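Single-letter residue listing:
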Amino acid sequence: MATDFTLSEGANVLSPQDMLTLPQPGVPLPNDIGDLAIVPISTYSFQDRKSHNSLSVIALGDGHTYDIPLPDGGDAFWLDSRTIAHIVTRDNIQSLYTIPISTFPLSSDLSSHAGSFPITTASSFRYSPSAQRLVFSAYVYPDGLVETVKEQDTAYENRGNSGLVYDETFDRQWDTWVGPKSKALIGVSLAKVDAKWVLGDTYVNVLKGTGLSSPVEPFGDAHDYDLSQTHVIFTAKDPQLPKAMHTRQNIYLVAHDGKDLRQLTSGIQGATHSPVFSPSGDKVAWLELAHDGSESDRAKVVVYDLKENVRFTITEDWDRSPDSIIFSPSSALIYATTGDHARIKIFALAVPPTPSSNTTQTTQPTALTSSGSISGFTPIPGGRATFALSSLMSPNEVYELSGLDAAEQDLLAGRKVDVKATTLTRLTSFSSVGLQGKDLSPGNDFWFKGTANEQDTHGYVITPPGFERGVNGKWPAVLFIHGGPQSAWFDQWSTLWNPNVFASQGYVVVAINPTGSTFVWTDISEFTDGINKNWGGRPIQDLLIGWKYILQEYPEIDQNRTVAFGPSYGGYVINWIQGNPELGFGFKALVCHDGVRLLSLHDGNNHEWGGRPWDPVAFEASRKYNPAYTVAKWSTPQLTIHGSKDYRLPESEGIAVFHALQQLGVPSRLLIFPDENHCVLNTANSLKWHYEVFRWFDQFVGRSQA
């Protein structure tokens, strides 16, 4: 075993440490008049082993920035066009401070204390200036009162034992055991009194006594609800159904005082996401999946007319699946952030007239962007919008898109939108210094005939620094296999598994979006749902066909120095390839991150498998494609990585794989992170992750093997 391994570094190399110390910007949040935006930024230092937080105030238009250090971190949002609210937690007290902003020159004054919260778990803030109302999420006990949380926390922590008792299967999720508290939406007044912002002391839990919880855990945030002057719209799991067995979420409307709760959804749909009010206040919209139990069904845009009490779907015939939506300032359009051909784009949809009854309407979406991956799209006055855009070559930067008024007029008139009439302007360069001189690949798209009918399958090739066509057999290659399985490799930055970091270590990276992937092609029933009851079938064949296609198209790859890496479902694929050498991938080493070994461990009514593990259809499918039944054929050297707090795929899966490989005498190694969940989030742990992955690959196909 190599003991002198070091990671490649250099002026043109994006090393793991280079990538991990780049500024990590969030998404821009513009003020109400659209002349300023704020962006939270976190930058990690390996010198003091800390993340340093700041808030960048950006002048929209010229892109001038002003940075406000936030040593205690904390959320920040606008109260008015010149006042930022900042949430600070110190000494077990969570408080709201206000930061005045000046524009000539761009600067900030000293912060002022507006009040403190009775709890320390307030998050996911939204503020309604017209209602002078702040709403946030917080964990509360069954009494629903934020005022009693600290007292009950003390009693719970001093109960004298650590036992947790459950009478239903919703016992833990992601990385946390379910306790006695749940998330609620809490409202409180926040207004100027004698020129000073004052946080009220009367808190209203708008979910109190309903049995509802929002935002929906584990990933729910402020996008799970929205505010108008009088009401809150939110998504919550159906309280009548067992939470662990169903994905159905309903959309509810409730007044700020917690009265007049209404359910707006049909009650027979699946999950719902991204509920939003129209600026006019007479409509709301949300994203809705059709099937309860499915996490990957196509999301449709649903509009509800609050005056007419009519619900109608406007994207029934659009075979894309938006991730988030927002109304235009005029309320005449909806902008949808949507995956398309392995990019995440912005589409504009005209809101059709309200029909006379609940039904479907047809609208023609138009893509306004074409490259990279967009997040945080927010329209602002003047026919403009701000958003963050990342790519395979860059983390988030802030952009402004102008000319949207003309695009809206075209859409409403039924004319084809002239996208060239819009102007895309980059406003920030957060990562320019850190990326200067780095030889990064933009990624080359490739398409091949896979197993899907009448559809090509997509992938990216990311080449290393110094790569030249015609120098055959020089470069090792790694196949990236994504998780999900309903996910995709995008033209998008990632700090978890970054293709250009692997390329900078001298590997040709091949990232394929096989059957089961999302946001690549249009026929979800054929392509995305093609993985159902077929984990080890069509997706594996697509990967094999695409892999062999690349080996033929890129003779520069040394076919005797190829490896593969996969997280989550990708880890399952690694274990499946391990036990099926007859497939002929030819890898010399494998890396499995938090993967699946024994499919029958995943109990519950699983939509992808056709039922519970013991139901006939699911039983046969999971047995057919279960890596545990192929262990006798395992022979390829493998590094297995697992987080002990991964409750989605328990660490016993990874440990069992390692033990089996050891007993078979196969070169193998286990990397455990006791404090990580399904993903490695701690920056120092991430550096260790990268070091061990590259050390493992280097042992079998790296520089010493060239």
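The structure under discussion appears in the preceding block.
Computed from a prediction, not measured in an experiment: that's the story for all the values here.

Criteria and thresholds
- Residues numbered from 1 in each chain as written.
- Predicted model: local features only at pLDDT ≥ 70, side-chain atom pairs only at ≥ 80, totals over all residues.
- Heavy atoms only, no water.
- Helix = DSSP H or I, 4+ residues; strand = E, 2+ residues; numbered from the N terminus.
- Rg over C-alpha atoms; globule rule 2.2 N^0.38 Å.
- Buried < 20%, exposed > 50% of the residue type's maximum accessible area, 1.4 Å probe, protein only.
- Contact = heavy atoms within 4.5 Å.
- Areas by Shrake-Rupley, 256 points an atom, 1.4 Å probe, with all protein chains shown as cover.
- Lys, Arg positive; Asp, Glu negative; His and termini not counted.
- Charge placed at Lys NZ, Arg CZ, Asp CG, Glu CD.
- Pairing = 2+ DSSP bridges.
- Expected span 1.5 Å × (residues − 1).
- Polar contact = N/O pair within 3.5 Å; in protein donor to acceptor, adjacent residues only side chain to side chain.
- Phe/Tyr/Trp six-rings, centres within 6.5 Å; stacked < 30°, edge-to-face > 60°.
- Disulfide = S-S within 2.5 Å.
- Core = buried A, V, L, I, M, F, W, Y, C linked by side-chain atoms within 4.5 Å.
- Salt bridge = Lys/Arg side-chain N within 4 Å of Asp/Glu carboxyl O.
- Axes fitted to C-alpha atoms, helices over the stretch in contact; angles between N-to-C directions.
- Parallel < 35°, antiparallel > 145°, perpendicular 65-115°, else oblique.
- Nonpolar A, V, L, I, M, F, W, Y, C, P; charged D, E, K, R; others polar.

Student: Sorry if this is basic, but what is going on with the overall build of the protein here?
Tutor: Check the secondary structure of the protein and you find 10 helices and 42 strands. Here the protein has a C-alpha radius of gyration of 26 Å; the compact-globule value for 706 residues is 27 Å, and the two agree. For the protein, the proportion of its 706 residues judged to be buried stands at 58%. Within the protein, contacts between residues at least 6 apart in sequence are counted, and of these 60% link residues at least 24 apart. When the accessible surface of the protein is totalled, it reaches about 29200 Å², and 49% of it is carbon and sulfur. Measuring between centres, the 52 positive side-chain charges of the protein sit 3 Å from its 75 negative side-chain charges.

Student: What am I meant to see in the sheet that holds strand β18 (residues 225-227) here?
Tutor: Strands in a sheet are paired, the pairing made by backbone hydrogen bonds, and the direction either parallel or antiparallel. Taken in spatial order, the four strands of this open sheet run β18-β19-β20-β21, and their pairing is antiparallel. Pairing within the sheet leaves two strands with one partner each, and these edge strands are β18 and β21 (262-263). Of the strand pairs in this sheet, β18 and strand β19 (residues 231-237) are connected by three bridges, and their pairing is antiparallel. Considered in β19, the bridge of D226 is made with I233.

Student: How do you make sense of the pairing of strand β32 (residues 384-391) when you look at a structure like this?
Tutor: Along a regular strand, successive side chains alternate from one face of the sheet to the other. Here β32 lies mainly inside the structure; eight of its eight residues are buried. Covered by surrounding structure in β32 are R384, T386, A388 and S390 together with A385, F387, L389 and S391, the residues of both alternating faces. Summarising the sheet, strand β31 (residues 373-380) and β32 pair through six bridges and their orientation is antiparallel. Across the sheet, residue S375 finds its bridge partner in β32, namely A388. Hairpin connection from β31 to β32: three residues lie between these consecutive antiparallel strands, with G382 at a positive phi of about 90°. Sheet analysis places β32 next to strand β33 (residues 394-402), joined by seven bridges and oriented antiparallel. Bridging across to β33, T386 finds its partner in E400. With antiparallel pairing between neighbouring strands as the criterion, β32 and β33 make up a hairpin whose turn holds two residues.

Student: What is the right way to read helix α10 (residues 683-701) from this model?
Tutor: Helical geometry note: an α-helix holds 3.6 residues per turn, so side chains three or four residues apart project in the same direction. The terminal C-alpha atoms of α10 lie 27 Å apart, and with 19 residues this matches the ideal 27 Å at 1.5 Å per residue to within 8%. Taken across its 19 residues, α10 has 15 buried, putting it largely inside the fold. For α10, the capping residue at the N-terminal end is N682, with a side-chain oxygen 3.0 Å from the backbone nitrogen of A684.

Student: Can you help me understand the packing of aromatic side chains in this one?
Tutor: Any two aromatic rings considered together are summarised by their centre-to-centre distance and by the angle between their planes. All told, the structure shown has 41 aromatic pairs when counted by the stated rule. Each ring, one from W174 and one from F219, has its centre 4.8 Å from the other, and the planes form 75°; the classification is edge-to-face. Of this pair, W174 sits in the loop between β13 (172-173) and β14 (176-177) while F219 sits in the loop between β17 (204-205) and β18; the two residues are 45 residues apart in sequence, bridging distant segments of the chain. Given the relative accessible area of 18%, W174 is considered buried.

Student: Is there a simple way to explain the pairing of strand β36 (residues 456-462) in this structure?
Tutor: In terms of burial, β36 is largely enclosed, as six of its seven residues are buried. In this sheet, β36 lies alongside strand β35 (residues 444-449) in antiparallel orientation, the contact comprising six bridges. Each bridged residue has a counterpart across the sheet, and for N444 the counterpart in β36 is V461. Counting the residues that bridge the hairpin from β35 to β36 gives six residues, and of these E454 lies at a positive phi of roughly 60°. By the bridge criterion, five bridges tie β36 to strand β38 (residues 508-513) in an arrangement that is antiparallel. Paired with V461 across the two strands is V510, which belongs to β38.

Student: Whenever I open this one, the state of the cysteines confuses me. Can you help?
Tutor: Joining two cysteines, a disulfide is a covalent bond between their sulfur atoms. Within the structure shown, the criterion is met by zero disulfides. Of all cysteine sulfurs, the one in C679 lies closest to C592, which takes part in no disulfide; the gap is 14 Å.

Student: I keep staring at the side chain of S394 and nothing clicks. Help me out?
Tutor: When you line up the elements, S394 lands in strand β33. For S394, the contacting residues outside a window of four places in its chain are L435 and W493.

Student: I tried to follow the side chain of S15 on my own but got confused; where do I start?
Tutor: Among the secondary structure elements, S15 is positioned in the segment before α1 (16-20). At 3.0 Å, the side chain of S15 forms a polar contact with the side chain of D18. Here S15 is in contact with S8, E9, V501 and Q505, once residues within four sequence places are set aside.

Student: Just to check I follow, could you spell out the nonpolar core for this structure?
Tutor: Where a protein is soluble and globular, its nonpolar side chains tend to be buried together. Ranked by internal contacts, the top residues of the largest apolar core, which has 40 residues, are V478, F480, F502, W689 and F697. Broken down by element, this core gets its largest block of residues, eight residues, from α10. Discounting chain neighbours no more than four positions away, the residues touching W689 are L496, W497, F502, F565, H593, I641, L671, F673 and V680.

Student: Just to check I follow, could you spell out the pattern of salt bridges for this structure?
Tutor: Note that side chains of opposite charge can pair when their charged atoms are close. As enumerated under the stated definition, the model contains 23 salt bridges in all. Between K688 and E692 there is a salt bridge whose closest N-O contact spans 2.7 Å. Pair noted here: K688 and E692 are both in helix α10, with a separation of four residues, about one helical turn. Accessibility expressed as a relative area gives 38% for K688, which makes it partly exposed.

Student: Looking at this model, I keep getting lost on the packing of helix α6 (residues 538-553) against helix α7 (residues 569-578). Mind explaining?
Tutor: Two quantities define a packed helix pair, namely the angle between the helix axes and the distance between the axes. Contact geometry of α6 with α7 gives a least axis separation of 11 Å together with a crossing angle of 75°. By the angle between their directions, the pair α6 and α7 is classed as roughly perpendicular. Contact residues: α6 offers P539, I540 and L543, while α7 offers Y569, V573 and W576. Among the residues forming the contact of α6 with α7, the class breakdown is six nonpolar, no polar and no charged.

Student: Help me understand unusual backbone geometry, please; the structure alone is not making it clear to me.
Tutor: With the exception of glycine, the majority of residues adopt a negative phi angle, and the majority of peptide bonds are in the trans configuration. Put simply, S214 and P215 share a cis peptide bond, and its omega is -5°. Topologically, P215 is positioned in the loop between β17 and β18. A cis amide bond links G484 to the next residue, P485, at an omega of 5°. Within the secondary structure layout, P485 lies in the loop between β37 (475-480) and α5 (499-504). The phi dihedral of W174 falls on the positive side, at around 60°, and the residue is not glycine. Non-glycine residue D194 carries a positive phi angle of around 55°. Structurally, the position occupied by D194 is in the loop between β15 (182-193) and β16 (196-199).

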